[in-house]
Amino acid sequence: MNIIIAETREQIAFCKEALFAFRTNLDSATYIDLIVDMMAKEAFKLAYIPNEDNTKAAAFVGYRVMHTLRTSWSIYIDDLYTDPASRGKGYAGALLDFVDGIALAADIKFVHLDSGYMLHDAHRLYLNKGYVLACNHFAKSPFLSATGSR
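Bear in mind that the values here come from a model prediction, so they are computed numbers and not experimental data. (Residues numbered from 1 in each chain as written. Predicted model: local features only at pLDDT ≥ 70, side-chain atom pairs only at ≥ 80, totals over all residues. Heavy atoms only, no water.)

Chemist: Help me understand the sheet that holds strand S2 (residues 44-50), please; the structure alone is not making it clear to me.
Modeler: Picture the strands of a sheet paired through backbone hydrogen bonds; they go either parallel or antiparallel. The five strands are arranged S1-S2-S3-S4-S5 in an open sheet whose pairing can be described as mixed. At either margin of the open sheet sits one strand with a lone partner, and together these are strand S1 (4-5) and strand S5 (110-113). Inspection of the sheet shows strand S3 (residues 57-68) paired to strand S4 (residues 72-82) by 10 bridges, in the antiparallel sense. In the sheet register, Val-61 faces S4, and the bridge partner there is Leu-80. Taken strand by strand, helix H4 (residues 91-105) contacts S1, S2, S3, S4 and S5, and its axis lies near 165° from that of S4. (Pairing = 2+ DSSP bridges. Helix = DSSP H or I, 4+ residues; strand = E, 2+ residues; numbered from the N terminus. Contact = heavy atoms within 4.5 Å. Axes fitted to C-alpha atoms, helices over the stretch in contact; angles between N-to-C directions.)

Chemist: Please clarify how the packing of aromatic side chains should be interpreted in this entry.
Modeler: Geometry of an aromatic ring pair is reported as the spacing of the ring centres plus the angle between the planes. This model, assessed by the stated rule, comprises six aromatic pairs. A ring pair is formed by Phe-14 and Tyr-48, whose centres lie 5.4 Å apart and whose planes are at 40°; its orientation type is tilted. Of this pair, Phe-14 sits in helix H1 (residues 9-14) while Tyr-48 sits in strand S2; the two residues are 34 residues apart in sequence, bridging distant segments of the chain. A connected cluster of aromatic rings, assembled from ring pairs, spans Phe-22, Phe-60 and Tyr-81. (Phe/Tyr/Trp six-rings, centres within 6.5 Å; stacked < 30°, edge-to-face > 60°.)

Chemist: What's the story with the pairing of S3 in this structure? I'm lost.
Modeler: Consecutive side chains of a regular strand alternate in pointing toward one face of the sheet and then the other. Across seven bridges, S2 lies against S3 in antiparallel orientation. For Ile-49, the partnering residue across the bridge sits in S3 and is Ala-59. The hairpin formed by S2 and S3 contains six residues between the paired strands, and Asn-54 there has a positive phi angle of roughly 55°. In sequence, S3 turns back onto S4 through a hairpin of three residues.

Chemist: What's the story with the side chain of Asn-51 in this structure? I'm lost.
Modeler: Its location among the elements puts Asn-51 in the loop between S2 and S3. With residues up to four places along the chain from it excluded, the contact list for Asn-51 reads Lys-56, Ala-57 and Ala-58.

Chemist: Looking at this structure, how should I read the pattern of salt bridges?
Modeler: Side-chain pairs of opposite charge can arise where the charged atoms are in close proximity. Applying the stated rule across the entire model yields 10 salt bridges. A salt bridge links Arg-9 to Asp-33; the shortest N-O distance between them is 2.8 Å. Taken together, the positions of Arg-9 in helix H1 and Asp-33 in helix H3 (residues 31-42) put the pair 24 residues apart, joining distant regions of the chain. Among the ionic pairs, Glu-52 bridges to Lys-89, the shortest N-O distance being 2.9 Å. In this pair, Glu-52 sits in the loop between S2 and S3 while Lys-89 sits in the loop between S4 and H4, placing the two residues 37 residues apart along the sequence. Assessed through its relative accessible area of 36%, Lys-89 is described here as partly exposed. Three or more residues joined by partner-sharing salt bridges are found here, namely Glu-42, Arg-64 and Asp-78. (Salt bridge = Lys/Arg side-chain N within 4 Å of Asp/Glu carboxyl O. Buried < 20%, exposed > 50% of the residue type's maximum accessible area, 1.4 Å probe, protein only.)

Chemist: So what exactly am I meant to see when it comes to the environment of Leu-80 here?
Modeler: Along the chain, Leu-80 turns up in strand S4. Judged by relative accessible area, which is 13%, Leu-80 ranks as buried. Taking C-alpha positions, Leu-80 is 6.6 Å from Gly-62, a pair spaced 18 residues apart along the chain. When residues no more than four places from it in sequence are discounted, the contact partners of Leu-80 are Phe-22, Phe-60, Val-61, Ala-92, Leu-95, Leu-96 and Tyr-126.

Chemist: Help me understand the nonpolar core, please; the structure alone is not making it clear to me.
Modeler: Soluble globular proteins tend to pack their nonpolar side chains together in the buried interior. Membership of the largest hydrophobic core comes to 21 residues, with the highest contact counts inside it found for Val-61, Ile-77 and Leu-80. Ranked by residue count, the leading element in this core is H4, at seven residues. Ignoring any residue separated from it by four or fewer positions in sequence, one finds Val-61 in contact with Lys-45, Leu-46, Ala-47, Ile-77, Asp-79, Leu-80, Leu-95 and Val-99. Residues Leu-26, Tyr-31, Ile-32 and Ile-35 belong to the second largest nonpolar core, which totals 16 residues. (Core = buried A, V, L, I, M, F, W, Y, C linked by side-chain atoms within 4.5 Å.)

Next comes the structure, spelled out in structure tokens:
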């Protein structure tokens, strides 16, 4: 399986359809600059598997190496997505194994990711790959009041 780490604007653009299918909040005019900035300033990496006819990304993983007091060095997976037409081919599992390989090579002890509660197929994959439900993730927007309005 050919896994490519995006390093150029063209490679990021190659992933556009999959990125926008998964992250619908992205802006087509600025997403490449955003990802390039994340790569430069936040150690973000984008790796992808091309589809069978090499016209677009069939699957991608976005991740970063980070250091925290709680876990020391770890890899956090921001995004993992496979285009519906390419599901069932082992792409997501291969991308998770790819990230594991990076962690092993760097002697990084933990790989973390968050997943929505209703993504049962994804959870089955994560559990089969050795992930555990280690915690709940809480989030808050300081811009919203208790009633949900600004």
